[in-house]
Amino acid sequence: MAKRSSLYIRIVEGKNLPAKDITGSSDPYCIVKVDNEPIIRTATVWKTLCPFWGEEYQVHLPPTFHAVAFYVMDEDALSRDDVIGKVCLTRDTIASHPKGFSGWAHLTEVDPDEEVQGEIHLRLEVRPGARACRLRCSVLEARDLAPKDRNGASDPFVRVRYKGRTQETSIVKKSCYPRWNETFEFELQEGAMEALCLEAWDWDLVSRNDFLGKVVIDVQRLRVAQQEEGWFRLQPDQSKSRRHDEGNLGSLQLEVRLRDETVLPSSYYQPLVHLLCHEVKLSMQGPGQLIPLIEETTSTECRQDVATNLLKLFLGQGLAKDFLDLLFQLELSRTSETNTLFRSNSLASKSMESFLKVAGMQYLHGVLGPIINKVFEEKKYVELDPSKVEVKDVGCSGLHRPQTEAEVLEQSAQTLRAHLGALLSALSRSVRACPAVVRATFRQLFRRVRERFPGAQHENVPFIAVTSFLCLRFFSPAIMSPKLFHLRERHADARTSRTLLLLAKAVQNVGNMDTPASRAKEAWMEPLQPTVRQGVAQLKDFITKLVDIEEKDELDLQRTLSLQAPPVKEGPLFIHRTKGKGPLVSSSFKKLYFSLTTEALSFAKTPSSKCVNELNQWLSALRKVSINNTGLLGSYHPGVFRGDKWSCCHQKEKTGQGCDKTRSRVTLQEWNDPLDHDLEAQLIYQHLLGVEAMLWERHRELSGGAEAGTVPTSPGKVPEDSLARLLRVLQDLREAHSSSPAGSPPSEPNCLLELQT
């Protein structure tokens, strides 16, 4: 049994930010930290005081986290980036909003005395003395202190104060992981209420010392406990009066939602998983009862989450294709008009979207990656709408003439025709590169639609059904927002965004099979019609080949792919050569291309992927594949062993225990994450629990008015029996959760947090 916590984070936009550049503007981006650990960096939005990001993230983290902070920064090319302000949300604040925190939050000034991090290891004892008890405080070590000096470290010492008496430890030079092992004693007077205060400082020779954090100990509580030992989180200095600058630094619009789940051992979820899988396996005989009922009772606001959880559960059971086929049948059974087929946000549409992202993201990168990169590199001005054309000067050698509107439109049409033609050609060549399970799913979709709408008048309907997902819900969104699909590291500028939007519109027209309705919407897209008509023929030929996969071929392809562990992360990294002494110059680094799978971390001298991965993404990927590693160390050295000691803590024993704890539990959710079957089953159970009243109502209707809460033990009709079994499974899981010891989030390995004030 385990406690799982996750944060849904959406960084929407900022407004009224202060100007940090001499141009009267800023280049803002956001950094998100969980307990001072940076986990997210948004794209930079250039030259604006009202940036829009619209970036969404799902973060898995330990239930014991304390706060999440959003820092708005101004990027500078030649100097250190400026800090504009921050928004900090504590765990309690987020948890107090059951549906999540959503809205505008004022940015506050970043006070250096409040930007603390790290922990300090203390041993505290109350000992009897000749006249009075003695308070003994042993300052042992600290870890992950904030680096305050230019060398990336600090020179920390600890100041211990009690009843007007102050003592200090020695100074440890150039370390964020100092070890002191020094003890101080104070005389305790009976009934004294004063607290013991320990402050960590960074020593500076010339300027004033920098504050690193403090811990305040309740001596009365310690007197009762007699002794305590453990790690204490350093706290900011909140004794100073804060400046009232809210609103002067602008605001940030956020959506943050916390979800805590207690995941039971796998055996508890087996009845639920088997019941749902049995329902899907019987889909050849009809849609069954449970899946239609789940769709009926799922609200619009949570349909995407439910679709994703169900899809991942069945994907782990090898039944994703059968599950989607069942949803196709349900959608087709209630659709009479071909022009509305799969156009609503139904469970089928949402599940298929999730499926393509989980199973087809690597395929998408292979097809779209080169085209998107070329659009970004060219940075051409492209516009087809005459009402939006900007006339530019053209010419050379000082001879300039204004470019006519007709020339702009013709050049734009040529550029878009070239991009669209390259995309369609790449797509036509990609049949064998498409994952077998995706091809088999499209085959089922194509067949079901053709069976539902036979006849020559509906010849294009099966093709449009495939393109409604492949083009309209997968390729087009990726073209318009390449960063959200990890095709680019940064958002596009205004000019590139317009080119991508026009290209996405052209792809949509091809996906709609160039219907008169799609042409009538925007007549100024007419210059692309020859390429669009040619693209329709190419796309139909591609789909015909795509769905032409037999069961044997599907199994052979799946067997081949199953022997190859899919990459969790891949891209270039710079490896530092630690041999020798001297400054770290460029020759000390070697660029290699790494590929991380669930089985191995490999590298090569040449790239296998053009996707550049940031440090936090690599750390997140490494943590995911190490989550089941029974030999995972509890601590490590963040520095290097140079000469005769570790650079981080100055420890001289090379094989000694690490000075920092292994942070293995903060990870970013990606579409190619290893499947977590128990978590998906728990999330489905949680959803069903929320709609249990509606399930009981339906059960009463089918069983002729049985009492709520009473599940019949004798088998009845098939639909009633499957629903009755589902209700019984929900009861069993509820009892298992109520008997589990998991209640509030588990505490850290020590209980000293209770002593802090």
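Residues numbered from 1 in each chain as written. Predicted model: local features only at pLDDT ≥ 70, side-chain atom pairs only at ≥ 80, totals over all residues. Heavy atoms only, no water.

An unreviewed UniProt entry lists the protein chain under the name RAS p21 protein activator 4, from Pan troglodytes.

1. Remarks on unusual backbone geometry
We apply this condition: Numbering of helices and strands runs from the N terminus; a helix is a DSSP stretch of H or I covering at least four residues, while a strand is a stretch of E covering at least two. A 1.4 Å probe rolled over the protein chains alone gives each residue an accessible area, and that area as a share of the maximum for its type sets the label: buried under 20%, exposed over 50%, partly exposed in between.
The residue Asn16 is not glycine, and still its phi comes out positive at about 55 degrees. Checked against the element boundaries, Asn16 lands in the loop between strand 1 (2–15) and strand 2 (28–34). Residue Asn16 is classed as exposed on the basis of its relative accessible area of 53%. Phi is positive for Gln226, which is not a glycine, with a value near 75 degrees.

2. Details of the pattern of salt bridges
A pair can form between side chains of opposite charge whenever their charged atoms are brought close. To be explicit about the condition: Any carboxyl oxygen of Asp or Glu that lies within 4 Å of a side-chain nitrogen of Lys or Arg is treated as forming a salt bridge with it.
Across all of its chains, the model carries 33 salt bridges by this definition. For Arg448, the salt bridge identified is with Asp325, shortest N-O distance 2.8 Å. Placement of Arg448 in helix 9 (residues 436–452) and of Asp325 in helix 6 (residues 320–333) is noted, with a sequence separation of 123 residues between them. Each member of the pair, Arg448 as well as Asp325, carries the same accessibility label: buried. In this structure, a network of salt bridges that share partners links the residues Arg134, Arg136, Glu185 and Glu187.

3. Quick word on the packing of aromatic side chains
So the rule is basically this: Whether two aromatic rings pair depends on their centres lying within 6.5 Å, for rings of Phe, Tyr and Trp, where Trp uses its six-membered ring; planes under 30 degrees apart make the pair stacked, over 60 edge-to-face, and the rest tilted. The rule is short: NZ of Lys or CZ of Arg within 6 Å of the ring centre and within 35 degrees of the ring normal puts a charge over the ring.
Applying the stated rule across the entire model yields nine aromatic pairs. Between Phe641 and Trp646, the aromatic rings sit 5.4 Å apart at their centres with planes inclined by 75 degrees, giving edge-to-face as the arrangement. Given the relative accessible area of 26%, Phe641 is considered partly exposed. Three or more aromatic residues joined by ring pairs form one cluster here, namely Phe328, Phe342 and Phe469. Geometry around Trp104 places Lys15 over its ring, the cationic atom sitting 4.3 Å from the centre. Lying over the aromatic face of Phe376, Arg488 brings its terminal NZ or CZ to 4.3 Å of the ring centre.

4. Looking at the sheet that holds strand 10 (residues 156–162)
Rules: Only when DSSP finds a minimum of two bridges between them are two strands counted as paired. A fitted line through C-alpha atoms serves as each axis, taken over the contacting stretch for helices, and the angle formed by two N-to-C directions is quoted from 0 to 180°.
Spatially, 11-10-13-14 is the arrangement adopted by the four strands of the open sheet, whose pairing is antiparallel. Each edge of the open sheet carries a strand with a single partner, namely strand 11 (165–168) and strand 14 (210–217). Each adjacent strand pair in this sheet contributes to an overall mean axis angle of 20 degrees, direction not counted. Across seven bridges, the pairing between strand 13 (residues 196–202) and strand 14 is antiparallel. When the sheet's bridge partners are listed, Ala200 is paired in strand 14 with Gly213.

5. Observations regarding the confidence of the model for the protein chain
Any residue range with low pLDDT should be treated as having predicted coordinates unsuitable for detailed reading. Applied cut-off: For every residue, the pLDDT score states the predictor's confidence, bounded by 0 at the bottom and 100 at the top. Here, two residues are considered to be in contact whenever any of their heavy atoms come within 4.5 Å of each other.
Averaged over all residues, the pLDDT of the protein chain equals 82, while 83% of them reach at least 70. With pLDDT under 50 throughout, residues 578–587 is counted as low confidence; its partners more than four residues away or in other chains account for five contacts. This stretch, residues 608–613, has a pLDDT under 50; its non-local contacts, to residues over four places away or in other chains, come to 15 contacts.

6. So, the side chain of His419
Under the convention used in this document: Two N or O atoms count as a polar contact when they lie within 3.5 Å, although within protein this holds only if one can serve as hydrogen donor and the other as acceptor, and sequence-adjacent residues are included solely when both atoms are side-chain atoms.
Looking at the element boundaries, His419 is found in helix 8 (residues 405–428). Using a relative accessible area of 5% as the deciding quantity, one classes His419 as buried. Looking at His419, its side chain comes within polar contact range of the side chain of Glu378, at 3.5 Å. Apart from the residues within four sequence positions on either side, His419 is in contact with Ile371, Lys374, Val375, Glu378, Thr499 and Leu503.

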